[in-house]
Amino acid sequence: MSIKDIFKIEKKPIKGLLTVEWVILGYWVLTLLFVLFTYTKIQNPETLIWGRAKVLAVTAAMWAVYRMIPCRFTLLCRIGVQLALLSWWYPDTYELNKILPNLDHLFAGYEQQLFGCQPALLFPEAISNPVFSELMYLGYVSYFPLIVVVALFYFFWRYTEFNRAVFVILASFFIYYVIFIFLPVTGPQYYYGAAGLDNIAQGIFPNIHDYFATHDEPLPMPGYSHGFFYDCVANAHATGERPTAAFPSSHVGITTILLFLVWRAKNRILFFSILLFYVLMCMATVYIRAHYAIDVIGGWVSAVIFYVLLQSFWVLSKRRY
């Protein structure tokens with residue numbers, strides 16, 4: 001694709017909303033109804049409603065820009081804005097799910113039954129080597145860059161499949177967000193501290209009920225604390241992390257879907273490059289105590305289900321026209 005192609009006015013521009021924008025609008029309506037029905041229980045519901053109004057306004061504005069200048073560049077901007085807004089939608093899940101009873105005691109118990117221990121507790125203690133630690137944090141911090149790389153790869157080299165690819169990626173995100181709202185699991189970095197590390201080490205997992213409705217303090221991150229990638233994750237957590245979104249691991253799920261998309265595109269160099277970061281990612285989620293090991297398994301299973309269903313939905317939706 002040349003620069004000229006990017007800015008060339010399209011002869012048959014998309015008139016209505018993109019398929020992925022309809023998905024986002026559906027999530028917008030669902031969560032708005034949740035806020036309205038739980039208005040007296042949620043903290044600062046007016047802020048959540050106003051935030052949704054701004055998201056809707058931004059989406060409408062980007063649609064209008066594309067309609068005025070219908071080219072590949074404005075379409076990319078339209079999608080890019082929705083990718084950027086994920087950083088707003090993610091902590092929003094905490095504002096909604098903290099009014100529900102916490103379920104970490106169940107998931108920590110399942111972890112203990114399956115593995116006979118808590119991998120997230122033992123893994124970083126067993127390997128604290130600075131190089132290994134930095135590799136783990138590198139894997140974790142590569143999450144959003146990998147999404148951008150795959151999206152841009154489809155835009156520049158597989159443009160006819162670009163809308164399908166970003167639909168699968170973004171729709172998967174919002175399915176995960178629905179799960180996170182109604183399945184309030186915070187993960188080891190929050191639950192272990194709330195339950196007490198001594199209890200966790202002894203295999204005792206107390207029910208902490210609505211503890212996270214008023215607390216959001218994580219454990220200190222394990223590993224080498226003076227590394228560059230450690231600092232990247234620490235800074236990201238300080239600004240956007242909340243006690244939410246543990247099961248299934250969307251980090252593992254989304255990166256698995258990215259692998260499927262690249263495999264579909266038959267680009268071996270990109271596939272194996274992403275595969276390296278993918279392996280680090282799967283290990284890192286447990287190493288830094290963001291997830292239980294069963295969250296990783298859940299990420300694998302959910303990724304397969306979402307990818308198959310969303311690809312099938314895309315094909316069926318296009319056959320209607």
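Reading the values: rules and limits
- Residues numbered from 1 in each chain as written.
- Predicted model: local features only at pLDDT ≥ 70, side-chain atom pairs only at ≥ 80, totals over all residues.
- Heavy atoms only, no water.
- Core = buried A, V, L, I, M, F, W, Y, C linked by side-chain atoms within 4.5 Å.
- Buried < 20%, exposed > 50% of the residue type's maximum accessible area, 1.4 Å probe, protein only.
- Helix = DSSP H or I, 4+ residues; strand = E, 2+ residues; numbered from the N terminus.
- Polar contact = N/O pair within 3.5 Å; in protein donor to acceptor, adjacent residues only side chain to side chain.
- Contact = heavy atoms within 4.5 Å.
- Salt bridge = Lys/Arg side-chain N within 4 Å of Asp/Glu carboxyl O.
- Expected span 1.5 Å × (residues − 1).

*Asks:* Which residues make up the nonpolar core, and what values do they have?
*Replies:* Within the largest apolar cluster, 95 residues are counted, with the highest numbers of intra-cluster contacts made by F173, F174, Y177 and Y191. With 14 residues, helix 10 (residues 162–182) is the single largest residue contributor to this core.

*Asks:* An account of the side chain of R52 is needed here, citing residue identities and associated values.
*Replies:* Note on placement: R52 falls in helix 3 (residues 45–68). What makes R52 buried here is its relative accessible area of 0%. Side-chain polar atoms of R52 contact the side chain of T31, separated by 3.1 Å. Apart from residues lying up to four places away in sequence, R52 is in contact with W28, T31, L32, W88, W89, D92 and L96.

*Asks:* Help me get a handle on the pattern of salt bridges, residues and values and all.
*Replies:* By the definition in use, this model includes 6 salt bridges. Note that E95 and K98 form a salt bridge whose closest N and O atoms lie 3.3 Å from each other. Salt-bridge contacts for E161 lead to R164; the nearest nitrogen and oxygen are separated by 2.8 Å. Taking relative accessible area as the criterion, E161 reaches 23% and is therefore assigned partly exposed. Through salt bridges with shared partners, one network takes in E161, R164 and R264.

*Asks:* Could you give an account of helix 9 (residues 143–157), with specific residues and numbers?
*Replies:* Residues three or four positions apart in an α-helix share a direction because the helix packs 3.6 residues into each turn. The end-to-end C-alpha distance of helix 9, which contains 15 residues, comes to 21 Å, matching closely the 21 Å that a straight helix rising 1.5 Å per residue would cover. When helix 9 is considered as a whole, its buried residues turn out to be Y143, L146, I147, V150, A151, F153, Y154 and F155. For helix 9, the secondary structure elements touched by its buried residues are helix 1 (3–7), helix 4 (72–84), helix 8 (130–141), helix 10, helix 14 (250–265) and helix 15 (268–287).

*Asks:* Before we move on, can you summarise helix 8 with the specific residues and values?
*Replies:* Here helix 8 spans 16 Å end to end across 12 residues, near enough to the 16 Å set by a 1.5 Å rise per residue. Every buried residue belonging to helix 8 is among F132, S133, E134, M136, Y137, G139 and Y140, and all of these are buried. The elements touched by buried residues of helix 8 are helix 7 (119–126), helix 9, helix 13 (228–240), helix 14 and helix 15. Taking the backbone nitrogen of V131 as reference, a side-chain oxygen 2.8 Å away marks N129 as the first, capping residue of helix 8.

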